[in-house]
Amino acid sequence: MKQAFVFIRRNPALCASALILALLGAAALCAPLIAPFDPLAINLNAVKQGPCSTYLFGTDTLGRDIFSRVVYGARTSLAIGLSATALSLVIGLLAGMLGGYAGGRLDMGITMVTDLFLAFPSLLLAIAISVLLPPGLLSVTLALCLVGWASFARLFRAMTISLKERSFVEAARAMGCSHLRIMARHLLPHCLPVVMIAATIKVGGFILAESALSFLGLGIQPPEPTWGAMISLHRNYLPSAAWMVLFPGCAIALTVFAFNILGDCLRDKLDPALRL
Amino acid sequence: MNFYLKRIIMTVPTLVGISIVTFVLLQALPGDPVQGLAGDRADQAVLERIRRDMGTDRPVVMQYAGYLKLIMQGELGRSLYTNSSVRADIARKLPNTLLLAAAAMLFSTLFGILLGIFMAVFRGTFWDRMALILSTGGISLPVFWLGLLLVYLFSFRLQLLPPAGMGSGFSGLVFLVLPAATLGLNSAAALARITRTGMLDVLSQPYITTARAKGVSAPVVIFKHAFKNTLIPVVTLIGLDFGSYLNGSILTETIFGWDGIGRYAVEGIFQRDYPVIMGCVLTGALLFVLVNLAVDLLYGLIDPRIARAPAEPLS
């Protein structure tokens, strides 16, 4: 107990960001319990109400409770952010480590593909892909993933190359470990700290990108509440009813901010050499 | 081989790759382009004829060759809605986007570097911590939301700046302020962070102590001795960030009604105007590659050691 207290006092930013994210995660998981209203329920008797004790964040032009919609929006944002990160991490791991470990032609081929994906402005590519796919949770995740895997691949490749000549890998090889085992049990654990940092920051980036796609109408389709779409829908009411735009935007900013701070703190903790 | 020449040749595979990706995207577009062109009631013979004219009955490789030839000539097709040439549209709108990007770049470079140096000089103090939080906040803000808030504050509340639109000539500069600030803020924050790190590294080196010991004034040490050596990461980021300007311009131009290719792309998306979308993707990618090339070539000028070093891909 006392140890925990000391830890919190020494790492206030780490704990604060972790707490914010934990609360957000809990809100997303238990959205039906937390949200006082149905996020889709239209109530024409309570249109454009300012924030009050009933409607914490006010209501929108259709009388839908914005607080409930923000809470439900956390579900989509976090789900897409986390799953897109996980998926692009796996693709990046496979491509990057395989290329870096094998070297030669395979490495050259993989590097070329990676560089190619890095050569597109990411949002533009995500837009092009999400135009092709029918809009929905899956297609947004896929679009973000196709755009995001390359940076992970580059990271894994660079680390694999720097690690594979080290003596512990040689020792493992001398003991007769298979290539697969060397990659999975010897190289991967060494990559994890740096990858964790990159992944944490990437989640924030993906959430930002998802909100941009929703803002452009390419993300999850209405009436399903997403933060980006809420801002887009009510942007013209900013002068008269600022809360409709303010709260969803704050939700995005706070979430991404927490992920960025958490990433920074992890970097300080895990990788002192690579401080940014 | 010459460093510069080699770097230029290295972009060729990337350019080919980009054309392949856009070609695949075009192939994957929903709906039969021939059917779309001929209308729903065209009979089989008409469809066949158009297909032959467009070359869609040939093998995919031949089709790709044809596509490559077209885009090499700068032919990007015609908008499905306005029937105007996509190339002409882009040629007309691109300067606007570049102007906006340049203004945003100026904004972010100026503020980002100054803030970064400020943080490094006052490292560990209250102000450093505040600025660090501020810059982390800066990279966390959604561009489109920030733009809307700035419009609300400066146009509706304070009535200082126009909310949207474009002016011409010198008086048009007021229209540039809000979009440029919106577009540049994310980059300014990122730049501030990387400048701070770079400066902290350099400031702890012995030659800085030497300079200080022999009585060089503080501003000269900071700007001439220290900052010059943090230029490499800073220039890298400014260059790499060009992609984020292109991304951001899609959103910024939409909000501010800026007549650039970002808004053009978004209009294309809403109307499912595929030639427009693909033209914008192609142009954006091409621009991005060229800027990255320019940044890499710049390295050679900033740090001659890189140009002299044996060929090692810069990353």
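Cut-offs and rules
Residues numbered from 1 in each chain as written. Chains lettered and ligands numbered in written order. Predicted model: local features only at pLDDT ≥ 70, side-chain atom pairs only at ≥ 80, totals over all residues. Heavy atoms only, no water. Salt bridge = Lys/Arg side-chain N within 4 Å of Asp/Glu carboxyl O. Helix = DSSP H or I, 4+ residues; strand = E, 2+ residues; numbered from the N terminus. Buried < 20%, exposed > 50% of the residue type's maximum accessible area, 1.4 Å probe, protein only. pLDDT = per-residue confidence, 0-100. Expected span 1.5 Å × (residues − 1). Bend = angle between axes of the 7 residues up to and from the residue. Contact = heavy atoms within 4.5 Å. Buried area = accessible area lost by both parts, 1.4 Å probe.

Chemist: How would you summarise the pattern of salt bridges if you had to cite specific residues and measurements?
Modeler: On inspection of all chains with the given rule, the structure shows 9 salt bridges over all chains. Here Arg157 of chain A makes a salt bridge to Asp107 of chain A, at a shortest N to O gap of 2.7 Å. Of the two residues, Arg157 of chain A is situated in helix α7 (residues 137-164) and Asp107 of chain A in helix α5 (residues 104-118); the sequence distance between them amounts to 50 residues. Using a relative accessible area of 27% as the deciding quantity, one classes Arg157 of chain A as partly exposed. The salt bridge partner of Arg196 of chain B is Asp128 of chain B, with a shortest N-O separation of 3.0 Å. A residue pair is termed long-range when its members are at least 10 positions apart, and Arg196 of chain B in helix α8 (residues 173-203) and Asp128 of chain B in helix α6 (residues 126-140) qualify at 68 residues. Of the two residues, Arg196 of chain B and Asp128 of chain B, both sit in the buried class.

Chemist: I'd like a description of the confidence of the model for chain A, backed by residues and values.
Modeler: Confidence along chain A averages 85 in pLDDT terms, with 98% of residues attaining 70 or more. Highest mean pLDDT in chain A belongs to helix α4 (residues 66-102) of chain A (91); lowest belongs to helix α6 (residues 122-132) of chain A (79).

Chemist: Pulling in residues and values, what's your account of helix α12 (residues 242-256) of chain B?
Modeler: Residues and elements named next belong to chain B. Its 15 residues give α12 an end-to-end C-alpha distance of 20 Å, which sits within 8% of 21 Å, the value for a rise of 1.5 Å per residue. Along α12, the sharpest kink reaches roughly 35°, centred on Ser249. One or two positions beyond α12, positive phi appears at Gly257, with a value near 60°.

Chemist: How would you explain the interface of chain A and chain B if you had to name every residue and give the values?
Modeler: Each partner contributes to the interface: chain A provides 39 residues, whereas chain B provides 45 residues. The junction of chain A with chain B conceals about 3,700 Å² of combined surface from both sides, 80% of it contributed by carbon and sulfur atoms. Scanning the region where chain A abuts chain B turns up 1 salt bridge. Note that Arg193 of chain B and Asp264 of chain A form a salt bridge whose closest N and O atoms lie 3.0 Å from each other.

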